[in-house]
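# Coordinate inspection notes
Okay, here's what each chain looks like letter by letter:
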Amino acid sequence: MRIKGEISLPGDKSISHRALMFASLTDDECVINNISTGEDVESTRKCLEKCGIHSIKSGNTVRINGGSFSNPREPLNCGNSGTTVRLLAGLLVGQGVTAELVGDESLSNRPMNRIIDPLSEMGVEIESNNGFLPLKIKPNKVIGISFVPSISSAQVKSCIMLAGLGANGQTVINENVKTRDHTEIILKEMGAPVSSNGAISINPISEPLQSFDITVPGDPSTAAFFAAAAALIPNSSITIKNVLANPTRIGFFQVLKKMGGGVEWRNMRMECGESVGDVHVYWEPLNGIDITSELVPSVIDELPIIAVLATQADGPTTVSGAEELRVKECDRIKAVCENMQAMGGDIIEKNDGFIINQSNILHNTNIKTYGDHRIAMSFNIAGLLTDDRNTLDDEGCINISFPEFNNVLTQVMA
Ligand code: S3P
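Residues numbered from 1 in each chain as written. Predicted model: local features only at pLDDT ≥ 70, side-chain atom pairs only at ≥ 80, totals over all residues. Heavy atoms only, no water.

## Details of the layout of surface pockets
A volume near 590 Å³ is recorded for the largest pocket. Forming the boundary of the largest pocket are 36 residues, of which S152, S153, I300, E324 and K328 lie nearest the centre. Looking at the lining of the largest pocket, the elements that each hand over two or more residues are α1 (13–23), α3 (82–94), α6 (154–164) and α10 (296–299). Residue composition of the lining of the largest pocket, by class: seven nonpolar, 12 polar and 17 charged. Counting contributing residues, the lining of the largest pocket receives three or more from each of domain 1 (7–202) and domain 2 (219–412). (1 Å grid on protein atoms, 1.4 Å probe; cavity = no way out; pocket = protein on both sides within 12 Å on 5 of 7 lines; lining within 4 Å. Points joined across faces, edges and corners; volume = space filled by probe spheres on them. Helix = DSSP H or I, 4+ residues; strand = E, 2+ residues; numbered from the N terminus. Nonpolar A, V, L, I, M, F, W, Y, C, P; charged D, E, K, R; others polar. Domains from an automatic or database assignment.)

Put into structure tokens, the structure is as follows:
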């Protein structure tokens, strides 16, 4: 068996969430084509609907009307989605909306103090369950702050930027390590008073932003699974078309290249302020590398599949400075180590990452996904390295980001 073919993927999840949320700041209809098909983005759309921001979904296109928000009559269910809860909290307080935000069991165990603290400093009244969901937000009078996040997180940065759009005075954010910058890019494209030359500054908006009609580029975090499959299986090659190539998001492809894998970007272009290209990935022998904290934000969602790649490298791969993995949809350090060991892999767990040694002979097993879509897809791909395939204790969690995963994988397995 080898991986062969040419595919295109549904739109990037981070941009899809933002396009929906930012459309609410216009006073016209916005059109979002090739929107992410995952359940997370639907959570955002449904929450906005409950706040009076109406949309119609037809196939992979959403038409959404900006305008005035209303206070939701019931709690907003953010499902499994950290991006929904954290960005929505900032958007709603900036727009004067009082709301309660809830989520599923995984989201209810994820830390919210990272947004509660700076939002409180901005004058927002927030009640939480000791730093966890449910969150009750009451905007009061929001004031601009100067903020240096102690955690590198695009969700936290975006939350504060969105609150800043409705604040009194300027908000300035200084990131230690640059995180994905789609919020800055899209808001600037919409004419918002946002600048980002090193420090990010946000001034309040006094009139509606420009409406848009966009096609969301393919999700590079989803592309990573198919690229990894091609990089793991000898004689494979795959072309993934129209992939988002924003420099803050292509860390996986840089890592794969550094590991010796074949990676070529073609047909590069700019679309709506974002870099987009076709990526061609082919099998070459892999070597181990060290991934340290400066690189972590650009591969944060891809570290589980990088761990799978590392099993086939001819030397150790170390991942450090990645303690954030412990507070994702599940504790991804534990989930990766446990499942890799169950497959016979040589992996050592660290507080802030792991060390993987060459593990040429892996065997199939039943994977504990912990309901985490990226663990499920990573270990589905890892199963391609075994005589049989892995089974998953929860196939359904893949729908969180990419319901078409199994169909596309079958399509490229020659
Ligand atoms: C996201 C940011 C990242 C990432 C998540 C999506 C975003 O989280 O893990 O899947 O869209 O802003 P953090 O910013 O908390 O690291």
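## Digging into the site of the ligand
The local shell around the ligand consists of S14, R18, T83, S153, A154, Q155, R180, I300, D301 and K328. A154 is positioned such that a nitrogen or oxygen atom in its backbone is 2.7 Å from an oxygen atom of the ligand. In this structure, an oxygen atom belonging to the ligand sits 2.7 Å away from a side-chain N or O atom of D301. Its free accessible area being 390 Å², the ligand has 96% of it covered by the protein chains. Comparing atom positions with the cavity grids shows the ligand to sit within the largest pocket. For the shell around the ligand, the secondary-structure elements that each account for two or more residues are α1 and α6. If you count residues domain by domain, the shell around the ligand takes at least three from each of domain 1 (7–202) and domain 2 (219–412). (Near = heavy atom within 4 Å. Polar contact = N/O pair within 3.5 Å; in protein donor to acceptor, adjacent residues only side chain to side chain. Areas by Shrake-Rupley, 256 points an atom, 1.4 Å probe, with all protein chains shown as cover. Sits in = over half its atoms within 2 Å of the grid points.)

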